[in-house]
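# Structural overview for review
These are the residues of each chain, in order.
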Amino acid sequence: MNKHLGFLKLGTFGMQHVLAMYGGAVVVPLIVGPAIGLNEAEVAYLISIDLFTCGLATFLQVIGNKFFGIRMPIVMGVAFQAVGPMIAIGTMQGVPAIFGAIIAAGAIVIFLAQFMDRIIPFFPPVVTGTVVIIIGTSLIGAAMGNITGQPDSSGYGSLTNLLLAGLTLVIIVLLNRFFRGFMRAISILASLVIGTIIAAFMGLVDFSSVGEASWFHMVTPFRFGPPEFHLSAILSMVLVGIVSMMEATGVYFALAEVIDKKLTGNDIKKGLRAEGLAQIIGGIFQAFPYTTFSQNVGLIALTGVKQRRVVVASGCILVILGLLPKVAALTLIIPDPVLGGAMIAMFGMVMASGIRQLSSVDFRRTENQLVIALSVGLGLGVSIAPDVFANVPQNIRILFENGIVTGGFAAVVLNLILNGVSKGDGRDIKLDHTSDIA
């Protein structure tokens, strides 16, 4: 379906892409903001700037130029893998350290993109699958915290909270059972909307923030202060960036099959450079690191609309939404138990993605079992009991108090010790290191 699209159809198809990724885009600031000590107004701004920067990052990939952007209909969104490390960095080293780490990691991703074929052997499926599983499991605690509430609150663990979270999960299951295509793609977003409506009838939704929010604002670089650069924080975000690069590369090939495009090594490099540049922009506007959203590939396959102009329209919509504070304020009215229920599904799907990556691993080899067992064990252990490293020097403690980073580094090192450098896992990319570098 590549015929010319009028303005109305262009906007409609573009909005479909926005809806497919919207739930994932807004949930991350809703999780990270409160966890790093931001107040309600700051979280609302974080949501706005996140949507705005999603649009800018999407333009980078879709429009592109000689050095940046894969020039395919790709929608960019905030990387879920970064949630745990950002919270750990913000808690230990302060909010400015988060954005310094994002900027530095983005620059490193741009550099590493040139050598992606040499990096891949260090990150076979046994490593990337393990890291993704650790990410998903480490975040489930945040979801349960939203459902139960604070231990010192009057409604802690109330049946009302459990009911709302349960209903949200049931809605997700039913939408995936009885619908296909687009409705399935927006099942998370639909569950948040329906769950909030149910909570409103129960008198549990406060609309005051929507009324107080302005209609328009301008985004401001470095709103939360100048970035700070700490080596340990940068290392943790670089690990996240490398995992995102691996996943993005897989998405590029999947989308290329859908739109019947043959990818070259230079295409991959330009796409990954755009991801690194998007991270730098995210750090400057003090939002998040950004990566390719795979769910939008499924939407392209479903609709058959392969034109890049549609995704450009999506980027325009995201930028406009990011300039409208009332849109962000509407997101803030979602009750915590509803959000927690949806988070269980989202982070559970992250774990499922990791398990899928491990499906190609030879489990008959004890070495692979040890890599997974020790890495997941260390990652979950640190997530459950971070104080075990309380006496480690402060400047390197961030590497041990963050289960994702601890487990991730353990997976890389253990794989090198037990398996050596991979000779190829079916994802080898032959990249030309000179043809498009001035």
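The structure under discussion appears in the preceding block.
Small disclaimer: the values here were computed from a predicted structure and weren't measured. (Residues numbered from 1 in each chain as written. Predicted model: local features only at pLDDT ≥ 70, side-chain atom pairs only at ≥ 80, totals over all residues. Heavy atoms only, no water.)

A few words on the overall build of the protein. Scanning the protein for helices and strands turns up 19 helices and two strands. Each of the 438 residues in the protein was classed as buried or not, and the buried ones make up 57%. Long-range contacts, defined as pairs at least 24 residues apart, comprise 85% of the intrachain contacts of the protein with a sequence gap of at least 6. If you sum the accessible surface of the protein, you get close to 18200 Å²; carbon and sulfur atoms cover 67% of it. (Helix = DSSP H or I, 4+ residues; strand = E, 2+ residues; numbered from the N terminus. Buried < 20%, exposed > 50% of the residue type's maximum accessible area, 1.4 Å probe, protein only. Contact = heavy atoms within 4.5 Å. Areas by Shrake-Rupley, 256 points an atom, 1.4 Å probe, with all protein chains shown as cover.)

On to the layout of surface pockets. Here the second largest pocket defines a volume of roughly 1300 Å³. Along its surface, the second largest pocket is lined by 44 residues, and I31, P34, A35, A142 and N146 are the ones closest to its centre. Broken down by element, the residue count for the lining of the second largest pocket peaks at six residues, all from helix 6 (residues 125-148). Broken down by class, the residue content of the lining of the second largest pocket amounts to 23 nonpolar, 17 polar and four charged. (1 Å grid on protein atoms, 1.4 Å probe; cavity = no way out; pocket = protein on both sides within 12 Å on 5 of 7 lines; lining within 4 Å. Points joined across faces, edges and corners; volume = space filled by probe spheres on them. Nonpolar A, V, L, I, M, F, W, Y, C, P; charged D, E, K, R; others polar.)

What follows is about the pattern of salt bridges. Enumeration over the complete set of coordinates arrives at two salt bridges. Measuring nitrogen to oxygen at the nearest pair gives 3.1 Å for the salt bridge that ties R364 to D362. (Salt bridge = Lys/Arg side-chain N within 4 Å of Asp/Glu carboxyl O.)

Once that is clear, we can look at empty space enclosed by the protein. Under the counting rule described, the total for this entry stands at one cavity of 30 Å³ or more. The space that makes up the largest cavity amounts to roughly 30 Å³. Lining the largest cavity, in full, are V32, I36, L46, M86, I98, F99, Q286, A287 and F288. Here the lining of the largest cavity is composed, by residue class, of eight nonpolar, one polar and no charged.

Turning to a nonpolar patch on the surface, a few remarks are in order. Among the surface-exposed residues, V170, L174, F178 and F179 lie close enough to one another that they form a single nonpolar patch of about 380 Å² accessible area. With respect to the helices and strands, V170 occurs in helix 7 (residues 159-178). (Patch = residues over 30% accessible without salt bridge, like charges linked within 9 Å, V, L, I, M, F, W, Y side chains within 5 Å.)

This part takes up the packing of helix 3 (residues 83-93) against helix 4 (residues 95-113). Orientation of helix 3 relative to helix 4, taken along the N-to-C sense of each, is 135°, at an axis distance of 7 Å. Taken together, helix 3 and helix 4 sit at an angle that is classed as oblique. For helix 3 against helix 4, the interelement crossing comes out right-handed. Where helix 3 abuts helix 4, its residues M86, I89, G90 and Q93 lie against V95, A97, I98, A101 and I102. In terms of residue class, the contact of helix 3 with helix 4 is made up of seven nonpolar, two polar and no charged. (Axes fitted to C-alpha atoms, helices over the stretch in contact; angles between N-to-C directions. Parallel < 35°, antiparallel > 145°, perpendicular 65-115°, else oblique. Left-handed = near helix turned anticlockwise from the far one by under 90°.)

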